[in-house]
Amino acid sequence: MPVAIITGASKGLGRALAGALAGRGWDLVLDARTAKVLQESAEAARARGARVVALPGDVTDAAHRRELVAAARAFGGLDLLVSNASALGAEPLVRLDALPLDGLRAALETNVVAALGLVQEALPLLRESAMGAVVAVSSDAAAEAYETWGGYGASKAALDQLAAVLAVEEPGLRVWAVDPGDMNTDLYAAAVPEDEDPRPEPGSVVPGFLALLDRVPASGRYAAADLAGEAVR
């Protein structure tokens, strides 16, 4: 069975993607900070036939990252690493002139430094895999200038660049930065609590991520909506 690590898997996109991969026969190592909610994700994935290890913890903790990779190794290897865990830097989001620098550091630590640290830990297993793939969950805020999204967007732009360089340095892997688009998630609600406009559920963007695994395109940056559209043509 192929094996995936998914960070930030207790809710939203992480949970939806875990369920979809479980339905395709993947074994899963799931991470999130809140143990109870993470366990609910794990139970949902197990109900679809997957072997699941749920490890509550913080991806900024090097020991926790080693634990995640060790769990994948115990399953027999690692084929896919999904860096989905994210921090906003401020809740709700604020303009740059009011952005706490400690908040920016926290966003960079989770969204960039921890993501790279997990890749570094996982590389030996990924290199051994026949498909070895890394998915960095990006954002349109990484490429567009939206008021109040500067700190978060900067962290995602940095993550995109790390993914691009990793693809050059590791040509044997597939490295994809994926913009999922707007979603109805707790993260977005915390970012812009006054925005009550309806948004798509996270499960609606999962077909775009699955299209990566089906088509295995070249390493690069993709929009989930575009991938899903191409998959059905």
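Definitions and limits used
Residues numbered from 1 in each chain as written. Predicted model: local features only at pLDDT ≥ 70, side-chain atom pairs only at ≥ 80, totals over all residues. Heavy atoms only, no water. Phe/Tyr/Trp six-rings, centres within 6.5 Å; stacked < 30°, edge-to-face > 60°. Buried < 20%, exposed > 50% of the residue type's maximum accessible area, 1.4 Å probe, protein only. Helix = DSSP H or I, 4+ residues; strand = E, 2+ residues; numbered from the N terminus. Contact = heavy atoms within 4.5 Å. Pairing = 2+ DSSP bridges. Axes fitted to C-alpha atoms, helices over the stretch in contact; angles between N-to-C directions.

### Concerning the packing of aromatic side chains
Counted under the stated rule, the structure contains two aromatic pairs. Between Trp149 and Tyr152 the ring centres are 5.7 Å apart and the planes differ by 70 degrees, which places this aromatic pair in the edge-to-face class. Tyr152 matches Trp149 in its accessibility class, with the two residues each being buried. When the centroid spacing of 6.0 Å and the interplanar angle of 25 degrees are considered together, the rings of Trp149 and Tyr188 count as stacked. Of this pair, Trp149 sits in the loop between strand 5 (133-137) and helix 5 (150-169) while Tyr188 sits in helix 6 (residues 186-191), and the two are 39 residues apart along the sequence. Here Trp149 matches Tyr188 in class, with each residue buried. Members of the aromatic cluster, each reached through a chain of ring pairs, are Trp149, Tyr152 and Tyr188.

### Some words on the environment of Leu38
By secondary structure assignment, the location of Leu38 is in helix 2 (residues 35-46). Leu38 sits in the buried class, given a relative accessible area of 1%. Discounting residues that sit within four places of it in the chain, Leu38 has contacts with Ala9, Ser10, Leu30, Asp31, Ala32, Ala54, Leu55 and Pro56.

### Points about the sheet that holds strand 2 (residues 27-32)
An order of 3-2-1-4-5-6-7 is seen for the seven strands of this open sheet, with the pairing classed as parallel. The strands lining the two open edges of the sheet, one partner per strand, are strand 3 (52-56) and strand 7 (220-223). Neighbouring strand axes in the sheet, compared pairwise and without regard to direction, differ in orientation by 15 degrees on average. Both strand 5 and strand 6 (residues 174-179) contribute to a ladder of five bridges, which runs parallel. Bridged to Val135 within strand 6 is Trp176. Each of strand 1 (3-6), strand 2 and strand 3 touches helix 3 (residues 62-75); the most contacted strand, strand 2, lies at about 170 degrees to it. Along the sheet face, helix 7 (residues 206-215) touches strand 4 (80-83), strand 5, strand 6 and strand 7 and points at about 160 degrees away from the line of strand 6.

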